[in-house]
Amino acid sequence: MATISRTTNERPNAEAIIARAAYYILDRCSSHAEFYPMVCEAFYDGVGSLAGREAANAVRRDGLAMLHKHFPTEKVLLLEEHVRLALKETLYHWSYRVGKEDLGLPHPFYVDHLIVIRIHFPYQVAMKAKMAERPGASRADFVDHAISALRNPRIVLNQASRAIRRPRSNSSYDPDQFHGSLTKPARSHGAHIDTWYGHSFDGINLWWSIDGVTVDNTVILYPDMFGRPMEYDNKSMYLASGQQVSEPHQVDLKPGQLLLFNPEMLHSTQVNVSDKTRVALTTRVNPHTPRFNDEAPFNFEHWHNSSDLERRRFKALDVFPAGRNRGAPSHDQRPKLAAHKTKRISVGHAVGDGPACLSSDLVAGSKVAIDFLDAKALLWRTAAGEVKAYTRLCPHVGVDLADGWHDGDVVHCPGHGLRFSWLDGASNCASFRLRAFSVEERDGNVFLARAAAGVDNAKASEMVKG
Ligand code: FES
Ligand SMILES: [Fe+2]
């Protein structure tokens, strides 16, 4: 996996981001000194309100990356909401300033009304929480929205027309079902592009690392997937199974660094396998009139105009109804990525009832994905010629490893970036390991059998699905 840690002093080129998926890491955005301390203070204030002054002092002393040591996982969603409400106007203005000062955008450009505060505890800490308190609807949001609607009646008209419009075709979105027993604070984002979620085409994401971002919990970008046709799964809104992904790039960000990227590039976030809390926030600017995939189950139609934000008129809101602002990506399309390093074989029997494949199917450097009637397996031949075989669905939330990028040491899960060793199925997270099949090669065929207890990594088998 490649690591991106390049920062730049050149001014980011907005059109290159949109047309060619160029991405930039700014060491400091122009307005960093003005805004970054305010953001940190909002977190400390939230910790104080929700967990007491002692916790706030401890977080201030140890840093936000140590939040999980002093703040309960159950209240993480409440803290995110506290910070969002405290900072929303500040962050609209900050986004405008990045658009103007760092990206050099001329008026008018637009800042998305949606702001996301992202706090991710280390996975094994987050998993211990049995539940997560969810914030209720915000009265402050309601009042702000009512003022915006009074100023701009098109907001009300659009809401009324959406209420009577036919249901969107894509209505089976159900992230809770997809994530199974994972509570919200323990989840990360699977591979996706933002227009699948109803975001605008040709936007620029501002992904601001506040603290605790490391290569073991960061954003993963798939630059070589940009502009290629991809299907998404209606339930999760993540990349649908059966599509090979390109080499993942982990973005290594220090506190305060800002990643600018085109969210039509496939991207995800990693399971947090670090010992730090990852604290980040994201906003979005669009250099042109926002346009949408009207087939998405919802669309983000409310935007702040740069001229209003320049004058700090935060209650002024523009609405771009998706039905009347349909679009398509403006960048060139490329062919689908060839799955040249994964051979897929389907056999009409169960594991152990016949051969899995021919020995000659296992070509050096390539993996083989086999569908049995009762299991899915992933096979690999080591440099020494030994064949390894594992269950193929990632034990995290069941994404198919056959679609993942691999090298001679590991296969990368295209879900949330866990890496599994070819040698023993262990991953970079102690909670997850692939179950091994026992393997026999005879007469030019490869046979698999379910490994008996005590064989190879069977100790971890209770944790393994698939
Ligand atoms: S890392 Fe999440 S499904 Fe594999
Ligand atoms: Fe995204």
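Since the model is a prediction, treat every value here as computed from it, not as a measurement.

Draft legend 1. Examining helix 5 (residues 76-102) more closely. Given a rise of 1.5 Å per residue, 27 residues ought to cover 39 Å, yet the end C-alpha atoms of helix 5 are separated by just 31 Å, more than 12% below that figure. At Leu87, helix 5 shows its largest kink, close to 60 degrees. Across the 27 residues of helix 5, 21 count as buried, placing the element largely inside the fold.

Draft legend 2. A look at the sheet that holds strand 20 (residues 437-442). Strand order in this open sheet of three strands is 14-21-20, and the pairing throughout is antiparallel. Of all the strands in the sheet, just strand 14 (357-358) and strand 20 have a single pairing partner and so form its edges. Relative to strand 21 (residues 445-450), strand 20 is paired through six bridges, and the arrangement is antiparallel. Opposite Glu441, over in strand 21, you have Val446 as the bridge partner.

Draft legend 3. Broad picture of the coordination of the iron ion (ligand 2). Taken together, His192 (NE2), Asp194 (OD) and His267 (NE2) make up the protein donors of the iron ion (ligand 2), found 2.2 Å from the metal. Each donor residue of the iron ion (ligand 2) lies on one chain, and together they are spaced H-x1-D-x72-H. Per residue, the accessibility class of His192 equals that of Asp194, and both read buried.

Draft legend 4. A look at empty space enclosed by the protein. In total, this model carries one cavity of 30 Å³ or more according to the counting rule given. Put simply, the largest cavity is a space of about 40 Å³. Every residue along the wall of the largest cavity is listed here: His120, Phe121, Tyr123, Pro185, Ala186, Arg187, Ser188, Gln270, Val271 and Asn272. Grouping the amino acids of the lining of the largest cavity by side-chain chemistry returns five nonpolar, four polar and one charged.

Draft legend 5. Layout of the sheet that holds strand 15 (residues 367-371). A sheet is described by the order of its strands in space; here four strands give the open sequence 13-15-16-17, paired in mixed fashion. Pairing within the sheet leaves two strands with one partner each, and these edge strands are strand 13 (342-346) and strand 17 (387-391). This sheet shows a mean twist of 25 degrees between the axes of neighbouring strands, independent of strand direction. Pairing between strand 13 and strand 15: five bridges, direction parallel. Bridge pairing links Ile345 to Ile370 in strand 15.

Draft legend 6. Highlighting the domain arrangement of the protein chain. What the domain assignment lists for the protein chain is domain 1 (2-319) and domain 2 (342-463). Relative to domain 2, the C-alpha centre of domain 1 lies at a distance of 35 Å. Contact with domain 1, which involves 26 residues of that partner, is made by 23 residues of domain 2. Buried area between domain 1 and domain 2, both sides added, is near 1,700 Å², and the carbon and sulfur share of it is 55%. By the criterion of area lost to domain 2, the three top residues of domain 1 are Gln244, Val271 and Val273, representing 25% of everything that side buries. Between domain 1 and domain 2 we count zero salt bridges in total. Inspection of the domain 1/domain 2 interface yields nine residue pairs in polar contact (both at pLDDT 80 or more).

Draft legend 7. Quick look at the side chain of Asp318. Of note, Asp318 is situated in strand 12 (residues 318-319). One buried charged residue, Asp318, remains without a salt bridge, the closest side chain of opposite sign being Arg154 at 4.9 Å. Among the polar contacts made by the side chain of Asp318, one reaches the side chain of Asn305 at a distance of 3.4 Å. Filtering out sequence-adjacent residues up to four positions away, Asp318 remains in contact with Tyr110, Asn152, Glu301, His302, Trp303 and Asn305.

Draft legend 8. View of the layout of surface pockets. One number sums up the size of the largest pocket: a volume of about 1,600 Å³. As for the largest pocket, its lining consists of 50 residues, of which Leu114, Val116, Arg118, Lys184 and His189 are closest to the centre. Taken together, the elements giving at least two residues each to the lining of the largest pocket come down to helix 5, strand 4 (116-120), helix 9 (175-179), strand 5 (204-211), strand 9 (267-269) and strand 10 (278-286). Here the residues of the lining of the largest pocket are counted per class, giving 19 nonpolar, 18 polar and 13 charged. Here the second largest pocket is characterised by a volume of approximately 280 Å³. Lining the second largest pocket are 19 residues, with Phe178, Leu239, Ser241, Val399 and Asp400 sitting closest to its centre. Its residues placed into classes, the lining of the second largest pocket shows nine nonpolar, six polar and four charged. Inspection of the lining of the second largest pocket shows a minimum of three residues originating in each of domain 1 (2-319) and domain 2 (342-463).

Parameters at a glance
- Residues numbered from 1 in each chain as written.
- Chains lettered and ligands numbered in written order.
- Predicted model: local features only at pLDDT ≥ 70, side-chain atom pairs only at ≥ 80, totals over all residues.
- Heavy atoms only, no water.
- Helix = DSSP H or I, 4+ residues; strand = E, 2+ residues; numbered from the N terminus.
- Expected span 1.5 Å × (residues − 1).
- Bend = angle between axes of the 7 residues up to and from the residue.
- Buried < 20%, exposed > 50% of the residue type's maximum accessible area, 1.4 Å probe, protein only.
- Pairing = 2+ DSSP bridges.
- Donors = N, O, S within 2.8 Å, 3.2 Å for Na, K, Ca; no water.
- 1 Å grid on protein atoms, 1.4 Å probe; cavity = no way out; pocket = protein on both sides within 12 Å on 5 of 7 lines; lining within 4 Å.
- Points joined across faces, edges and corners; volume = space filled by probe spheres on them.
- Nonpolar A, V, L, I, M, F, W, Y, C, P; charged D, E, K, R; others polar.
- Axes fitted to C-alpha atoms, helices over the stretch in contact; angles between N-to-C directions.
- Domains from an automatic or database assignment.
- Contact = heavy atoms within 4.5 Å.
- Buried area = accessible area lost by both parts, 1.4 Å probe.
- Salt bridge = Lys/Arg side-chain N within 4 Å of Asp/Glu carboxyl O.
- Polar contact = N/O pair within 3.5 Å; in protein donor to acceptor, adjacent residues only side chain to side chain.
- Lys, Arg positive; Asp, Glu negative; His and termini not counted.

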